[in-house]
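# Secondary and tertiary structure notes
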Amino acid sequence: MEDDTIAQIKSVVDSLQSPISDLQILLSLLCRPLDYIGLLPPQCRRFNLEPLQGSRVLAIAKVFPLLQRVLIEQVLPTWSTVLANEGHLLLVDQYFCPDTFSFALSAAGDVVLCAYSTLLSSVITEESIRLLAKLSTQYPIDRLHTAAFAGNDLSARNSVRWDDCLKNVFAVPLKAANAVGTRDLPPELELATYFNGFSSGTERLISTLSRSPSQDRIMSVTQLLIKLVNVGVFPSSSFLPLSQPSFFRSTLVTIRTKFKQDNDHSYSKFWTNVLIDLPSTVAQQTIFASLCSSLARLPSNLSVTAQDRGIVVQESLLLRAMFGTLQPGSDVWNAVLGVVLSRDWKESHARIFVSWAAGAKTALQALLSRTLEMWCTPEHIKHSLLLRHRYVTSLLLLIVSYFPHQSEYVVSTALSPSFVTAVGQYISHLDQSIRRCGMLAAEVVATRAGKNLDFGDWDGDADGKPWARDLRALCSARDIDFDPCAVDELEAATEENTPTEEIITAGVLEDTKISALKLTKASVATGYDSDDSLTGYASPTSSRSASPTPSELDEIEKDPTLRVGVKKIPRPVYLAQLGEMVRNARVKPGEESLEADKIEMALNVAEELIRKKRDYGSELEENAANLVYGFTSLNDNFEIDGFENKRQRAINALVACCPRVSAGCIIEEFFSNQYSTEQRFVILNGLVLGARELASLPVHSANLQPLDNQRTAFPSKTLPPALHQKYLTVDGQANGTVQGLLEGVTRAAIDRGKEATADKVPEFVRERQLRIRKSPKVAEVSPAERRSRALLPGQISQPHRTAFIDVAAEYFIMPFINRFWAFLRTEQTREERTAHRDALYRYHGAGSGLVLNAVVLSQFMSSLALLVHAAQNAPQWLSIIAPGALELAVTLGTRPVSRAANDDTDSTGLTGEARGKEASVLTAALELSLIVLDGCFELDGGRSLGLEHTALLLGAGEWAGRIFELLEKGTLVEGGGGGHEVRLRRAAAGVLLKVDELTSKWRRSMVDVR
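What you see is a predicted model, and the numbers here were worked out from it, not measured in a lab. (Residues numbered from 1 in each chain as written. Predicted model: local features only at pLDDT ≥ 70, side-chain atom pairs only at ≥ 80, totals over all residues. Heavy atoms only, no water.)

### Structural notes on the overall build of the protein chain
Using the following cut-off: Counting from the N terminus, the helices are DSSP H or I runs at least four residues long and the strands are E runs at least two residues long. Throughout, exposure labels follow a simple rule: accessible area from a 1.4 Å probe, protein chains only, divided by the maximum for the residue type, with under 20% read as buried, over 50% as exposed, and the rest as partly exposed. Here a residue-residue contact requires only that any non-hydrogen atoms of the pair lie within 4.5 Å. In these tables, accessible area is a Shrake-Rupley quantity obtained with a 1.4 Å probe, and a residue counts as shielded only by the protein chains included in the view.
Helix and strand content of the protein chain: 45 helices and zero strands. For the protein chain, with 1010 residues in total, the buried portion stands at 46%. A separation threshold of at least 6 residues defines the contact pool for the protein chain, and within that pool the share at least 24 residues apart is 76%. Summing over all exposed atoms, the protein chain offers an accessible surface of approximately 52,100 Å²; the carbon and sulfur share of this is 52%.

### Focus: the environment of Leu34
When you line up the elements, Leu34 lands in helix 2 (residues 23-37). By relative accessible area, which is 0% here, Leu34 ends up buried. Residues Leu34 and Pro51, spaced 17 residues apart in sequence, show a C-alpha to C-alpha distance of 9.7 Å. Not counting residues up to four positions away in its chain, the partners in contact with Leu34 are Leu39, Leu40, Phe64, Leu91, Gln94 and Tyr95.

### Considerations on the packing of aromatic side chains
Stated formally: The rule is short: rings of Phe, Tyr and Trp, with Trp giving its six-membered ring, pair when the centres are within 6.5 Å, and they are stacked under 30 degrees, edge-to-face over 60, tilted in between. By definition here, charges over rings are those cases where NZ of Lys or CZ of Arg is within 6 Å of the ring centre and within 35 degrees of the ring normal.
Per the counting criterion, the structure on display carries 32 aromatic pairs. A centroid spacing of 6.1 Å and a plane angle of 20 degrees characterise the contact between Phe670 and Phe860, whose relative ring orientation is stacked. Pair noted here: Phe670 is in helix 31 (residues 659-670) and Phe860 is in helix 39 (residues 854-870), with a separation of 190 residues, a long-range link. Both residues of the pair, Phe670 and Phe860, count as buried. Here Phe820 and Phe860 contribute two aromatic rings whose centre-to-centre distance is 4.9 Å and whose plane-to-plane angle is 20 degrees, an arrangement assigned as stacked. Of the two residues, Phe820 is situated in helix 38 (residues 804-833) and Phe860 in helix 39; the sequence distance between them amounts to 40 residues. Every member of this aromatic cluster is reached through a ring pair, and the members are Phe670, Phe671, Phe816, Phe820, Trp821, Phe823 and Phe860. If you follow Arg436 out to its NZ or CZ, it ends over the ring of Trp458, 5.3 Å from the centre. If you follow Arg472 out to its NZ or CZ, it ends over the ring of Trp458, 5.2 Å from the centre.

### Brief notes about the environment of Gln365
The following threshold applies: N or O atoms closer than or at 3.5 Å make up a polar contact, with two conditions inside protein: a donor-capable atom paired with an acceptor-capable one, and, for residues adjacent in sequence, both atoms drawn from side chains.
Looking at the secondary structure, you find Gln365 in helix 17 (residues 361-375). Through-space distance from the C-alpha of Gln365 to that of Val400 is 9.5 Å; in sequence the pair is 35 residues apart. If sequence neighbours within four positions are ignored, Gln365 has contacts with Phe403 and Tyr409. A distance of 2.7 Å separates polar atoms of two side chains, one belonging to Gln365 and the other to Tyr409.

### Some points on empty space enclosed by the protein
Put simply, the test is: With a 1 Å grid spanning the protein atoms alone, the term cavity applies to any set of points in which a 1.4 Å probe fits but cannot get out, the term pocket to an open set with protein on both sides within 12 Å along at least five of seven lines, and the term lining residue to any residue with an atom within 4 Å of a point. Grid points are joined across faces, edges and corners, and a volume is the space filled by probe spheres set on the points. Residues are grouped as follows: Ala, Val, Leu, Ile, Met, Phe, Trp, Tyr, Cys and Pro are nonpolar; Asp, Glu, Lys and Arg are charged; every other residue, Gly included, is polar.
The tally for this structure, following the rule as stated, stands at two cavities of 30 Å³ or more. There is about 60 Å³ of room inside the largest cavity. Leu326, Trp333, Val336, Leu337, Val340, Phe353, Trp356, Ala357 and Leu367 together form the lining of the largest cavity. Residue assignment for the lining of the largest cavity shows that the elements contributing at least two residues are helix 15 (331-342) and helix 16 (347-357). By residue number, the principal contributor to the lining of the largest cavity is helix 15, which donates four residues. Taken together, the residues of the lining of the largest cavity sort by class into nine nonpolar, no polar and no charged.

### Topic: the packing of helix 21 (residues 417-427) against helix 22 (residues 432-448)
What counts, and what does not: Fitted lines through C-alpha atoms give the axes, limited to the stretch in contact for helices. The angle between two N-to-C directions lies from 0 to 180 degrees. Whether a crossing is left-handed or right-handed is set by the direction in which the near helix is turned from the far one by less than a right angle, anticlockwise for left-handed and clockwise for right-handed.
Contact pair helix 21 / helix 22: the axes reach a minimum separation of 7 Å and the direction vectors enclose 145 degrees. Note on packing geometry: the crossing formed by helix 21 with helix 22 is left-handed. Residue-level inspection shows Phe419, Val423, Tyr426 and Ile427 of helix 21 in contact with helix 22, the latter providing Ile434, Arg435, Cys437, Gly438, Met439, Ala441, Ala442 and Val445. Its residues placed into classes, the contact of helix 21 with helix 22 shows ten nonpolar, one polar and one charged.

### Topic: the pattern of salt bridges
Where we set the bar: A pairing counts as a salt bridge when a side-chain nitrogen of Lys or Arg comes within 4 Å of a carboxyl oxygen of Asp or Glu.
Summed over all chains, the structure comprises 32 salt bridges. Arg436 is the salt-bridge partner of Asp457, the closest N and O atoms lying 3.2 Å from each other. Taken as a pair, Asp457 in the loop between helix 22 and helix 23 (465-474) and Arg436 in helix 22 lie far apart in primary sequence, 21 residues in all. Of the residues examined, Asp457 reaches a relative accessible area of 52% and is grouped as exposed. For Arg436, a relative accessible area of 8% translates into the label buried. Ionic pairing is found between Lys612 and Glu608, a salt bridge with its closest N-O pair at 3.5 Å.

### Quick look at the nonpolar core
Applied cut-off: To qualify as a nonpolar core, a set must consist of buried Ala, Val, Leu, Ile, Met, Phe, Trp, Tyr and Cys residues joined through side-chain atoms within 4.5 Å.
Counting 164 residues, the largest nonpolar core has Leu16, Leu228, Phe288 and Trp375 as its most contacted members. Here the element with the most residues in this core is helix 3 (residues 60-86); it accounts for eleven residues.

### Here's the deal with helix 2
The criterion, for reference: For a helix, the expected span equals 1.5 Å multiplied by the residue count minus one.
Over its 15 residues, helix 2 extends 23 Å from the first C-alpha to the last, a length consistent with the 21 Å expected when each residue adds 1.5 Å. Summarising burial for helix 2: twelve of the 15 residues are buried, a large majority. Of the positions making up helix 2, those classed as buried are Leu23, Leu26, Leu27, Ser28, Leu29, Leu30, Cys31, Arg32, Pro33, Leu34, Tyr36 and Ile37. Just downstream of helix 2 lies Gly38, where phi reads positive at about 85 degrees.

### Things to note about a nonpolar patch on the surface
Here is the rule we go by: Patch rule: a residue counts if its relative accessible area is over 30% and it has no salt bridge; like charges are joined within 9 Å, and nonpolar side chains (Val, Leu, Ile, Met, Phe, Trp, Tyr) within 5 Å.
Where nonpolar side chains cluster on the molecular surface, the patch consists of Ile427, Leu453 and Phe455 and spans about 220 Å² of accessible area. Mapped onto the elements, Phe455 comes out in the loop between helix 22 and helix 23. With a relative accessible area of 34%, Phe455 lands in the partly exposed category.

### Points about the packing of helix 19 (residues 386-402) against helix 23
Stated precisely, the cut-off is as follows: In what follows, roughly perpendicular refers to angles from 65 to 115 degrees, roughly parallel to angles under 35, roughly antiparallel to angles over 145, and oblique to any angle outside these ranges.
Two elements in contact, helix 19 and helix 23, have axes separated by 10 Å at closest approach and are oriented at 25 degrees. Taken as axis vectors, helix 19 and helix 23 run roughly parallel relative to one another. Crossing of helix 19 over helix 23 shows right-handed handedness. Where helix 19 approaches helix 23, its residues Arg390, Thr393, Ser394, Leu397 and Leu398 are matched on the opposing element by Trp467, Leu471 and Leu474. In terms of residue class, the contact of helix 19 with helix 23 is built from five nonpolar, two polar and one charged.

### Digging into the state of the cysteines
For clarity, the cut-off: Here, two cysteine sulfur atoms that lie within 2.5 Å of each other are counted as a disulfide.
Overall, the coordinates contain zero disulfides when judged by the stated rule. In this structure Cys665 is a free cysteine whose sulfur lies 8.6 Å from that of Cys658, the closest cysteine sulfur available.

### Section: the confidence of the model for the protein chain
Threshold: Each residue gets a pLDDT score, which is the predictor's confidence in that residue and runs from 0 to 100.
On average, residues of the protein chain score 81 in pLDDT, and 80% of them are at 70 or above. Within the model, the stretch residues 486-539 combines pLDDT values under 50 with 22 contacts to residues more than four positions away or in other chains. Predicted confidence is poor over residues 784-798, with pLDDT under 50, and the contacts of this stretch with residues over four places away or in other chains come to three contacts.

### Things to note about the side chain of Thr371
Relative to the helices and strands, Thr371 is located in helix 17. The exposure class assigned to Thr371 is buried, which follows from its relative accessible area of 0%. With sequence-adjacent residues up to four places away left out, Thr371 is seen in contact with Leu341, Val392, Leu395, Leu396 and Ile399.

### Some thoughts on helix 38
Definition in use: What we call the bend at a residue is the angle made by axes fitted to the seven residues finishing there and the seven residues starting there.
Over its 30 residues, helix 38 runs 41 Å from end to end, which matches the ideal 44 Å to within 8%, given 1.5 Å per residue. If you look at helix 38, its biggest bend is around 40 degrees, right at Met814, and the proline Pro815 turns up within four residues after that.

### A closer look at the environment of Arg343
Structurally, Arg343 is set in the loop between helix 15 and helix 16. A sequence separation of 49 residues divides Arg343 from Val392, and the C-alpha atoms of the two residues are 9.9 Å apart. Arg343 has contacts with Ser236, Gln285, Ala289, Gly338, Arg388 and Tyr391, leaving out every residue within four places of it along the chain.

### Structural notes on unusual backbone geometry
Look at His265: it is not a glycine, yet its phi comes out positive at around 60 degrees. With respect to the helices and strands, the residue His265 is situated in the loop between helix 11 (247-260) and helix 12 (266-276). Relative accessible area serves as the criterion here: at 48%, His265 is assigned to the partly exposed category. In this model, Glu639 sits at a positive phi of 55 degrees, which is unusual for a non-glycine residue.

### Side note on the side chain of Thr923
Relative to the elements of secondary structure, Thr923 occurs in helix 42 (residues 919-940). Here Thr923 falls in the buried class, since its relative accessible area comes to 2%. Sequence-distant contacts of Thr923, defined by excluding residues within four places in its chain, comprise His980, Arg983, Leu984 and Ala987.

Here it is as structure tokens:
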């Protein structure tokens, strides 16, 4: 009987393929197969004049694809307009997308499955796109799943149908977009809309299947999730455009609601089973990372309010409901651990992860072990950025805080050699904020282990100190101890104006409020209230005399009759006296206590006295060398207040007021081996800041600004000393001056390239001239006017001051460079003489505190770069300064300065010229090269450097290109991480662009000298 029915349907197909002359005939042909399977709309039954005869059982998958193909390829191109005008287009749509009255019928599902295959395998037309858009909204994926697994077919056949269904529905957006080309795509088929609706259907499917779970159903959902992962519906970013589909952005609200209503935990268990059965670890990590990115964000990552702690607990319960309890060694554990430790999350995520792991003690122990291993890794300490360091540190400390005090796991962590070594590496890090992470971890772990460790200096707002204080306060209480339902209760209590004392907990108090809370608790326990005892009481009079007031103590101290035997340090008035105070190595017996007072007096008056003597005779020139030796070798043995700042200001004044004598002395002292790294930094800062003062350039450091002329003038009508000092004092930063100045100079050099490029475009040049060109306001002064001005009363001729461009090459830059070459030759010769000895007895020129050490060497090149920049207008700049400085930068950036560095293995991955170089040295060398190249381009367009020093210019470009190429490949540089990574990449790119700019301008005139 079925064969006879199939024959009748084939005759209908043949009739549809033949020319049809009447609409009624077409409608009759269309109604017959639909009526046979029960999908004919009631309003169309009047057109079914010749119903099909036979059994109602029909294999739709065998017959309907042929009917659908004929309709889409032959009937609709001819009759679509007529059918739409007559209102009968719905009859054709029933062959592809049955209406809502037929939605629940099994035949409707079979027709839809066939429709997807037919529409996507045929040439996609406008009617095909319209039908696909209609299918995507009316028959979601959960309905298609029901159709694929309907009936009593074998599980293998159902799996095949499901695979075909997934392949078709995932191909719809791409094929539709390719078909429309530049035309508008229906909103239903746009990528974000389509897959967001698809995600909602997937969640409904999981909710439906969770009521009667089975292994086949779990496997079908697993296939679906794998497909969604492959098309990118699980992004790991929390900031997504609306054009990007996101599974959890569309479904997470619904998932949270159903978890709250999941009393029998069937919905949660089904989610867990599906995610556990994912065959790919990458898919598990992708879904987990996307879920973590979609979690609720706290107002502050380290907030300690009860509401925010309740949110953390809620989010951890969400992770536990979806992925289950963490079990070390399982596939989910490995996937989760890979996401938690390999990606850069915020501190709020670390709180959620730890709260989740706290549900199982073994998981918390295993997470502590893996996190400690990550935190102690040398590669992480050297190359990770600040955000990464803060996340891993907060994760480690939060885990430690969940263990009891003096727990064996915390004690073993504190005593582990890897942890102790890592703390030392953190403390030696160049980035102070990263250094704080290691110091904070050491203190918290030691405290939890019952030890006492305090580095101090945690007050203030610089170098990540506020973050450290917030994290320390967060670790004082556990998030998991708070009730997730407390969020609603806290909001309700806030609306009712509940007193704040009732909701304050010890975990959210500041250090200054903890003692007050303890006192409040004690008073409640004893039943005593201090407010009830405000009346005074009589106290017995004491037989002792009253203590002196501060004003009386000051008078007693100033009384000369009481200060017998105390020698007062006289204020120096000559520079020779100042020199004796700081250089007198012999102390008379019984006067050892006066040494600190002498040094303090010398520091207090040094800068003022030096600047006063600037224009008075030859006293400063005669004593400048002696003062340089005294102040550079001075140590803070007595912990004098403001010692470093006052010493630095004195050296700055010497360089600025007497450059011809002081510069040579201070350069010679820099290469002596008797000074520490701190003293060498003082020398370099003095050279740079003194040179910038001579060049009339800003210092950008309030503490190191030169004294005002009124301060250094001889006594006149001024404010009282106390008020005078008060208004002179300005807060600012005293450290990091050279690096701060250099960063501004290099940024300006890179930005000038943009302006140079804009000058090449005629439209931009004309527009800029129209906008900024102004009439000249400087007019020439006539000789008569000059003579009249010279005769004005009250005018005082100012003495000629030395400009930096007059002394830059002869006294600053070239002696600095030449002395370095001599020093380098001497150091390498000493290393060669001891090269035959054992490693323990070899001389190492780049040891700690020496000039060739990476820390000092990078500061040396940074200081030289600032000197070169300040001397840009010197007449010797193009011919002497620029080539010498560029040769030094290229040499130090490409050649080893020590035999020990040359013998070390290549741990950075760099080869050739950059092998074994520290990131700070490479950065400083590149920044020095960038300043030289930018200055040459500004002065003569790079002509002298490009034509007279062609090999040097090309070598610098080749070196910078090689460094930039390796950095782009992801090569890690020794000593990188923190801010060095960004500065190194920027400097290499800047040098590369400057060299290309110069060579492109003078390439035709260059002579190959190689």
